[in-house]
Amino acid sequence: MNRINTWLEKHNLRNFPTLIVVVTFVVFVFMIISFLNHNDEDSSTIYVTEDTELRTGPSPIYPEVNSIYKGQNFHKISKTGKWIQVESSNGKEKGWVAGWHTNLNIEADANPNAKPLKDKTIVLDPGHGGSDQGASSNTKKHSREKVYTLKTAKELKSLLEKEGAVVNMTREADEYVSLEQRNIKGDAYISIHNDSLKSAKANGSTVYWYKDNQEALAETISATLQKKALLTSKGARQENYQVLRQTDVPAVLLELGYISNPTDEDMITDKLHRHILEEAVVDGLRSYFSE
Ligand SMILES: [Zn+2]
């Protein structure tokens, strides 16, 4: 007690009202600080804002404990980085959930799958070439399929390389390449063509697959083409094409519009339209390799 008295005397605080004022001031400052620090993260109950899973530790590399669902609430036990350790009210479910799947204001980590095409080898097969010019249009433009399959493949190659993919082409110039020579291995194989029919009415894109291990890739690319491209989408179809039959790789044959249809021809020959198609193919590949 003596020490305190000495301290109070030394600081001229023997006067009781002064002491009250000082104590009140300190309490007030403390309340202000705790008020400013308060945010959602301090609440002890958290809500799950989208279906996700509990893990045994605070990162996606830890094994899953069980699935949890939008709307479930948990008692918050602790927090490490952006991960929250939680427990259900009955104590049966316990584990770690990523903070960005909860009502806490936590920004998601960069998706580790953001570059799913990195180091994937994609084979691009521009249809026809050289003496084999493929289909051609009946308009004044006289567009030839072999020219636009190569343009599309080259443009697609540079987009895929930006995604970190390794791209091998079955041809890079206007030259004849036999179907057998087009059989190159990779993680995915994309043969690029344009359709044609006598009737100028036929239009749209079709994604062909033949073997079972090709269907998922075809469906995925067909979906992204449908979503993004201006061409009518005719969906994914099974067809016994040699480029598909002769490979073991997940392979698809893209018919990117009818060169015999003047509207499709305008799109095929227009760099901006091709770019939209190519972006859609990249989206499809990204989503295929994300799964
Ligand atoms: Zn063709």
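Before reading on, note that the structure itself is shown above.
Keep in mind the model is a prediction, meaning the values are calculated, not measured.

Enquirer: Sorry, what's going on with the nonpolar core here?
Expert: One broad rule of soluble globular proteins: the nonpolar side chains tend to lie buried together. Residues Ile122, Leu124, Leu160, Ile190, Ile221, Leu225 and Leu285 are the most contacted members of the largest nonpolar core, which totals 33 residues. If you list the elements that add at least two residues to this core, you get strand 7 (121-126), helix 3 (145-162), strand 8 (166-169), strand 9 (188-195), strand 10 (205-209), helix 4 (212-228), strand 12 (251-258) and helix 7 (271-290). Top element by residues in this core is helix 7. It accounts for 7 residues. Membership of the second largest hydrophobic core comes to 10 residues, among which are Val48, Ile68, Phe74 and Leu104.

Enquirer: Can you walk me through the sheet that holds strand 7 in this structure?
Expert: Strand pairs in the sheet, formed through backbone hydrogen bonds, run parallel or antiparallel to each other. With respect to topology, 6 strands assemble into an open sheet ordered 8-7-9-12-10-11, the strand pairing being mixed. Looking at the sheet topology across the chains shown, the edges are occupied by strand 8 and strand 11 (233-238). Averaged over all pairs of adjacent strands, the angle between their axes in this sheet comes to 20 degrees, without regard to strand direction. Against the sheet, helix 4 touches strand 9, strand 10, strand 11 and strand 12, its axis set at about 165 degrees to strand 10.

Enquirer: When you look at the packing of helix 3 against helix 7 in this model, what are you seeing that I'm missing?
Expert: Two measures define how a pair of helices packs: the angle their axes make with one another and the distance between the axes. Close contact between helix 3 and helix 7 brings their axes to 10 Å; oriented N to C, the two are set at 55 degrees. Considered as vectors, helix 3 and helix 7 are oriented oblique to each other. Crossing angle aside, the handedness with which helix 3 passes helix 7 is right-handed. For the pair helix 3 and helix 7, the contacting residues are Tyr148, Lys151, Thr152, Glu155, Leu156, Leu159 and Leu160 in the first and Lys271, Arg274, His275, Glu278, Glu279, Val281, Val282 and Leu285 in the second. Of the residues belonging to the contact of helix 3 with helix 7, the class tally is 7 nonpolar, 2 polar and 6 charged.

Enquirer: How should the pairing of strand 5 (residues 83-87) be read in this particular structure?
Expert: A regular strand carries its side chains on alternate faces of the sheet. Counting buried positions over the 5 residues of strand 5 gives 4, a clear majority of the element. Where strand 4 (residues 73-80) meets strand 5, 5 bridges bridge the pair, whose relative direction is antiparallel. Bridge pairing in strand 5 places Ser78 opposite Gln85. Linking strand 4 back to strand 5 in an antiparallel pair, the connection comprises 2 residues, with Gly81 at a positive phi of about 60 degrees. The pairing of strand 5 with strand 6 (residues 94-98) spans 5 bridges and is antiparallel. Directly across from Trp83, in strand 6, lies its bridge partner Ala98. In sequence, strand 5 turns back onto strand 6 through a hairpin of 6 residues, with Gly91 there showing a positive phi of about 75 degrees.

Enquirer: I keep staring at the coordination of the zinc ion and nothing clicks. Help me out?
Expert: Around a metal, the perfect tetrahedron of four donors has angles of 109.5 degrees, and the perfect octahedron of six donors has angles of 90 or 180 degrees. Taken together, the protein donors to the zinc ion comprise His128 (NE2), Glu145 (OE) and His193 (ND1), at separations of 2.0 to 2.1 Å. One chain supplies every donor for the zinc ion, spaced along it as H-x16-E-x47-H. Of this pair, His128 sits in the loop between strand 7 and helix 3 while Glu145 sits in helix 3; the two residues are 17 residues apart in sequence, bridging distant segments of the chain. One exposure class covers both His128 and Glu145, and it is buried.

Enquirer: Help me understand the pairing of strand 7 in this model?
Expert: By the criterion of burial, strand 7 is predominantly enclosed, with 6 of the 6 residues buried. In strand 7, alternate side chains face the same way, and those of Thr121, Val123 and Asp125 on one face and Ile122, Leu124 and Pro126 on the other are all buried. Bridge analysis of strand 7 against strand 8 gives 4 bridges, and the strand direction is parallel. By the bridge assignment, Leu124 is partnered in strand 8 with Met169.

So, how was this worked out
- Just so you know, the residues in each chain are numbered from 1, in the order the chain's sequence is written.
- The model is predicted, so local features are restricted to residues of pLDDT at least 70 and side-chain atom pairs to those at 80 or more, both for listing and for counting; the totals for chains, interfaces and linings are taken over all residues.
- Only hydrogens and water are set aside when side-chain values are computed; all heavy atoms of the structure are taken into account.
- The definition of a nonpolar core used throughout is a set of buried Ala, Val, Leu, Ile, Met, Phe, Trp, Tyr and Cys residues joined through side-chain atoms within 4.5 Å.
- Partly exposed residues are those whose accessible area sits between 20% and 50% of the maximum for their type, while under 20% is buried and over 50% is exposed, using a 1.4 Å probe and protein chains only.
- The secondary structure listing takes helices from DSSP runs of H or I that are at least 4 residues long and strands from runs of E that are at least 2 residues long, numbered from the N terminus.
- Only strands joined by at least two bridges in the DSSP assignment are considered to pair.
- Note on definitions: angles span 0 to 180 degrees between N-to-C directions of axes, and those axes are lines fitted to C-alpha atoms, for helices only across the stretch in contact.
- Note on definitions: a residue-residue contact is assigned when non-hydrogen atoms from the two residues lie within 4.5 Å.
- Roughly parallel means an angle under 35 degrees; roughly antiparallel, over 145; roughly perpendicular, 65 to 115; everything else is oblique.
- A clockwise turn of the near helix away from the far one marks a right-handed crossing, whereas an anticlockwise turn of less than a right angle marks a left-handed crossing.
- Throughout this entry, Asp, Glu, Lys and Arg are counted as charged residues, while Ala, Val, Leu, Ile, Met, Phe, Trp, Tyr, Cys and Pro are counted as nonpolar. The remaining residues, Gly among them, count as polar.
- Here a donor is any nitrogen, oxygen or sulfur atom (N, O, S) within 2.8 Å of the metal, with 3.2 Å used for Na, K and Ca; water is not among the atoms considered, so some sites may look incomplete.

From the geometry alone we can't say anything about function, so treat these as descriptive.
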